[in-house]
Amino acid sequence: KRDRGTADNANPTDYTKMAMEAFLAGRKIISDSVGSAFTEDQTSALAEQRDIAVDAWEKAIAATVIHYINDVSADLDKSGTDEYSFEDVAKHWSEMKGFALGLQFNPHSPITDAQFAEIHSYMGQKPVTMAFGSSDKTDVTAYIADLEMARDLLQTALSFDATNVANW
């Protein structure tokens, strides 16, 4: 979905193709060596394809996190209006947090442990919403700014195009 969302942008992504081509190239390296031990060159080539596939996988997940950051921010912008839906906030926030937790499993990730912790600190353990019956959006506005900081960290760590990030 994220690839399709960038198709008309100046710097479209194709993480799907990137991952699949690396997977197929890796399978060919394995198939070509059936019955014999891997050479050093084959081992190196296979590791290269693995890294390409994992990089594409991580970028697709991070793009999805950014998509849900954008959704939660848009949902919270409606706070205090008839258009506000707590159900939308809850759905989008839980998707954002769940996908973001998946970013901890790549040992070669450009997202450092410190950045990972900071991203989750900005997201918090639950969405910040207005108190029932309140019209004060101060905390919600600050939380949206925190979500944007998390989004900026992901954009920087993974060298994402700003237009793609804004529109995911």
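Residues numbered from 1 in each chain as written. Predicted model: local features only at pLDDT ≥ 70, side-chain atom pairs only at ≥ 80, totals over all residues. Heavy atoms only, no water.

## Concerning the overall build of the protein
Here is step 1 of the chain: Across its full length, the protein holds 7 helices and 0 strands.
Here is step 2 of the chain: When the helices and strands of the protein are read in sequence order from the N terminus, they spell out α-α-α-α-α-α-α.
Here is step 3 of the chain: By the compact-globule yardstick of 15 Å for 168 residues, the protein is too spread out, its C-alpha radius of gyration being 20 Å.
Here is step 4 of the chain: Seen through its C-alpha atoms, the protein measures out along the principal axes to roughly 70 × 35 × 25 Å.
Here is step 5 of the chain: The proportion of buried residues among the 168 residues of the protein is 39%.
Here is step 6 of the chain: In the protein, the share of contacts with a sequence separation of at least 24, taken over all contacts with a separation of at least 6, comes to 69%.
Here is step 7 of the chain: Roughly 9,800 Å² of accessible area belongs to the protein as shown, and the carbon and sulfur atoms make up 54% of that amount. (Helix = DSSP H or I, 4+ residues; strand = E, 2+ residues; numbered from the N terminus. Rg over C-alpha atoms; globule rule 2.2 N^0.38 Å. Buried < 20%, exposed > 50% of the residue type's maximum accessible area, 1.4 Å probe, protein only. Contact = heavy atoms within 4.5 Å. Areas by Shrake-Rupley, 256 points an atom, 1.4 Å probe, with all protein chains shown as cover.)

## Observations regarding the packing of helix H4 (residues 86-101) against helix H5 (residues 113-123)
Here is step 1 of the chain: Two elements in contact, H4 and H5, have axes whose closest approach is 11 Å; the angle formed by their N-to-C orientations is 170 degrees. Classed by the angle they form, the pair H4 and H5 counts as roughly antiparallel. Crossing of H4 over H5 shows left-handed handedness. In contact with Trp93, Met96, Lys97, Ala100 and Leu101 of H4, H5 contributes Phe116, His120 and Met123. (Axes fitted to C-alpha atoms, helices over the stretch in contact; angles between N-to-C directions. Parallel < 35°, antiparallel > 145°, perpendicular 65-115°, else oblique. Left-handed = near helix turned anticlockwise from the far one by under 90°.)

## Concerning helix H6 (residues 138-157)
Here is step 1 of the chain: Under the 1.5 Å per step criterion, the end-to-end length of H6 is 29 Å for 20 residues, consistent within 8% with the ideal 28 Å.
Here is step 2 of the chain: If you check which residues of H6 are buried, you get Val140, Tyr143, Ile144, Leu147, Ala150, Arg151, Leu153, Leu154, Gln155 and Ala157.
Here is step 3 of the chain: Looking at the buried residues of H6, the elements they touch are helix H3 (40-77), H4, H5 and helix H7 (162-167).
Here is step 4 of the chain: Of the residues trailing H6, Ser159 is marked for its positive phi of about 55 degrees. (Expected span 1.5 Å × (residues − 1).)

## Brief notes about the environment of His120
Here is step 1 of the chain: Mapped onto the fold, His120 is located in helix H5.
Here is step 2 of the chain: The class for His120 is buried, based on a relative accessible area of 10%.
Here is step 3 of the chain: Not counting the four nearest positions on each side in its chain, His120 is found in contact with Lys97, Ala100 and Leu101.

## Notes on the environment of Ser94
Here is step 1 of the chain: Along the chain, Ser94 falls in helix H4.
Here is step 2 of the chain: Through-space distance from the C-alpha of Ser94 to that of Lys126 is 8.4 Å; in sequence the pair is 32 residues apart.
Here is step 3 of the chain: There is a polar contact of 3.0 Å between the side chain of Ser94 and the backbone oxygen of Lys91. (Polar contact = N/O pair within 3.5 Å; in protein donor to acceptor, adjacent residues only side chain to side chain.)

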